[in-house]
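Results of the structural survey
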Amino acid sequence: YYTEHGRYPDKLAFSLWSIETMRHYGVLEAQALYAMGVKPKWSVDGRVIGTEIIPFKTLGRPRVDVVLSATGLYRDAFPNVMQLLAKAVESVADLKEESNFIWRNSQRVEKDLLAQGVDPQEASYLSTIRIFSSESGSYSSGVDEAVFASDSWESDEKISDNYLAKMGYFFGSDNQRWGEKKEGVNLYAQQLSGTDVALMSRSSNLFGMISSDDPFEYFGGLSLAIRNIDGVSPDMLISNLRDADTPKAQDAAKFLATELRTRNFNKRWLQEMMKEGYSGA
């Protein structure tokens, strides 16, 4: 990003999926931690037991803000990881460093919340929250239903509003308030504002970007929401982990173009799929 834009991104938004994390063992989570300038603390038997802040002199660059959007399955499968990430964000948000975008953005959100009449202590806590998902027991982003009902809207703002409403439940460091939603405050939108890059991962050749509605529902919904909030689309990147020996970040458009060329528009691939009968259809 720095090479292409001449500056570090202010904020990254990650779309976290449970099966992806099970396959790649936490690469996206590691990217989020390192963006903030944080590293895991390990037990002697190889378990992550916490995080520690990388000193600015060692990091040598700004601390990039992150927003983490978790699917319902991720929320259920990895609450411990979400708690770890939430506490890491909170610890960095307390660092009053000029090049700390987490602290700076938290200050901005806290000021906005106070202007909306939120209690000062509550505003301080909410300003440090960066993890969002759907309501406990729910497993939808609200995007697919709206897209399929395309006769009911003229502007994609409706899709964005549905996404923000469905995925706007917050998960902070206080597990007594797990999965709450602040009435009258669109905290998710406030935290997403200013996002430069949206990311998701692909770690299997079995499933592509258009194998199901999930990528557009969560990754596309995330990008669409940012565009409707700020008027500008974020860069969309794929952490391509299909070959564990050569992981790489790829532009989502190029990643999708490769998929179309090698699968959906590839006669050989189509012929092999047709041999599978209804399951290949």
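Rules and cut-offs
Residues numbered from 1 in each chain as written. Predicted model: local features only at pLDDT ≥ 70, side-chain atom pairs only at ≥ 80, totals over all residues. Heavy atoms only, no water. Helix = DSSP H or I, 4+ residues; strand = E, 2+ residues; numbered from the N terminus. Rg over C-alpha atoms; globule rule 2.2 N^0.38 Å. Buried < 20%, exposed > 50% of the residue type's maximum accessible area, 1.4 Å probe, protein only. Contact = heavy atoms within 4.5 Å. Lys, Arg positive; Asp, Glu negative; His and termini not counted. Charge placed at Lys NZ, Arg CZ, Asp CG, Glu CD. Salt bridge = Lys/Arg side-chain N within 4 Å of Asp/Glu carboxyl O. Pairing = 2+ DSSP bridges. Axes fitted to C-alpha atoms, helices over the stretch in contact; angles between N-to-C directions. Core = buried A, V, L, I, M, F, W, Y, C linked by side-chain atoms within 4.5 Å. Polar contact = N/O pair within 3.5 Å; in protein donor to acceptor, adjacent residues only side chain to side chain. Expected span 1.5 Å × (residues − 1). Parallel < 35°, antiparallel > 145°, perpendicular 65-115°, else oblique. Left-handed = near helix turned anticlockwise from the far one by under 90°. Nonpolar A, V, L, I, M, F, W, Y, C, P; charged D, E, K, R; others polar. Phe/Tyr/Trp six-rings, centres within 6.5 Å; stacked < 30°, edge-to-face > 60°. Lys NZ or Arg CZ within 6 Å of the ring centre and 35° of its normal.

With respect to the overall build of the chain
Looking only at helices and strands, one finds 14 helices and 9 strands in the chain. For a compact globule of 281 residues, the expected C-alpha radius of gyration is about 19 Å, and the chain comes in at 19 Å, within 12% of that figure. Seen along its three principal axes, the alpha-carbon backbone of the chain occupies a region of about 60 × 50 × 40 Å. The burial tally for the chain puts 47% of its 281 residues in the buried class. Pairs at least 24 residues apart make up 70% of the contacts formed inside the chain by residues separated by at least 6 positions. Counting 31 positive and 39 negative side-chain charges, the chain places the averaged centre of each group 5 Å from the other.

As for the pattern of salt bridges
Summed over the entire model, instances satisfying the criterion amount to 13 salt bridges. Put simply, Asp45 and Arg47 hold a salt bridge, and the shortest N to O gap is 3.2 Å. Looking at Asp45, the relative accessible area reads 53%, which means it is exposed. A salt bridge links Arg63 to Glu97; the shortest N-O distance between them is 2.7 Å. Taken together, the residues span a long stretch of sequence, with Arg63 in the loop between helix H4 (56-59) and strand S4 (65-70) and Glu97 in the loop between helix H6 (79-93) and helix H7 (101-115) at a distance of 34 residues.

Quick look at the sheet that holds strand S7 (residues 197-202)
One open sheet holds the 7 strands; their spatial order is S6-S5-S4-S1-S7-S8-S9, and the pairing between them is mixed. Each end of this open sheet is capped by a strand with a single partner; those strands are strand S6 (169-170) and strand S9 (248-251). Sitting on the sheet, helix H13 (residues 252-264) is in contact with S7, strand S8 (235-240) and S9, with an inclination near 85° to S9.

So, the nonpolar core
Ranked by size, the top nonpolar core spans 35 residues in total, and within it Leu113, Leu126, Tyr163, Leu187, Tyr188, Leu192 and Leu222 carry the most contacts. Those elements that provide at least two residues to this core are H7, helix H8 (120-126), helix H9 (143-148), helix H10 (157-166), helix H11 (187-192), S7, helix H12 (214-230) and H13. It is H12 that provides the largest number of residues to this core, a total of 6 residues. The contact partners of Leu126, leaving out residues within four places of it in the chain, are Leu113, Val118, Phe170, Lys182, Leu187 and Gln191. Listed in part, the 28 residues of the second largest apolar core include Ala35, Val66, Ala93 and Tyr169.

Description of the side chain of Ser239
Mapped onto the elements of the fold, Ser239 is located in strand S8. When near neighbours in sequence (up to four residues on either side) are disregarded, Ser239 contacts Leu28, Gln31, Leu199, Met200, Ser201, Arg202 and Lys248.

Let's talk about the side chain of Asn240
Along the chain, Asn240 falls in strand S8. Within polar-contact distance, the side chain of Asn240 engages the side chain of Gln250 at 2.6 Å. If we skip the residues at most four places from it in the chain, Asn240 touches Arg202, Thr246, Pro247, Lys248, Gln250 and Phe255.

Quick notes on the environment of Glu4
As for its placement among the helices and strands, Glu4 is situated in helix H1 (residues 2-5). Overall, the relative accessible area of 69% leaves Glu4 in the exposed class. It is 42 Å that separates the C-alpha atoms of Glu4 and Ser279, two residues lying 275 residues apart in sequence.

Looking at H6
Across its 15 residues, H6 extends 21 Å between first and last C-alpha, which sits within 8% of the 21 Å expected from 1.5 Å per residue. Within the sequence span of H6, burial applies to Met82, Gln83, Leu85, Ala86, Ala88, Val89, Val92 and Ala93.

As for the packing of H10 against H12
Helix packing for two helices is described by the angle between their axes and how far apart those axes are. Two numbers describe how H10 lies on H12: the axes approach to 9 Å, and their chain directions differ by 110°. Between H10 and H12, the angle is such that the two are roughly perpendicular. The crossing of H10 and H12 is left-handed. Residue-level contacts link Glu157, Ile159, Ser160, Tyr163 and Leu164 of H10 to Glu217, Tyr218, Gly221, Leu222, Leu224, Ala225, Asn228 and Ile229 of H12. Residue composition of the contact of H10 with H12, by class: 8 nonpolar, 3 polar and 2 charged.

Comments concerning unusual backbone geometry
Positive phi values are uncommon outside glycine, yet Tyr25 reaches one of about 60°. Examined against the element boundaries, Tyr25 turns out to sit in the loop between helix H2 (18-24) and helix H3 (27-36). Among the residues examined, Tyr25 registers a relative accessible area of 75% and is labelled exposed.

Side note on the packing of aromatic side chains
The description of an aromatic ring pair rests on the distance of the ring centres and on the angle between the ring planes. Summed over the entire model, instances satisfying the criterion amount to 6 aromatic pairs. Centroid distance Tyr2 to Tyr8: 4.6 Å. Interplanar angle 35°. Geometry classified as tilted. Relative to Tyr188, the ring of Tyr163 has its centre 5.8 Å away and its plane inclined at 40°; by these criteria the two rings are tilted. A residue pair is termed long-range when its members are at least 10 positions apart, and Tyr163 in helix H10 and Tyr188 in helix H11 qualify at 25 residues. Each of the two residues, Tyr163 as well as Tyr188, counts as buried. A connected cluster of aromatic rings, assembled from ring pairs, spans Phe132, Tyr163 and Tyr188. The ring of Tyr34 has Arg61 lying over it, and the distance from NZ or CZ to the ring centre is 4.8 Å. Across the ring face of Tyr139, the terminal group of Arg75 is positioned such that the distance to the ring centre comes to 5.1 Å.

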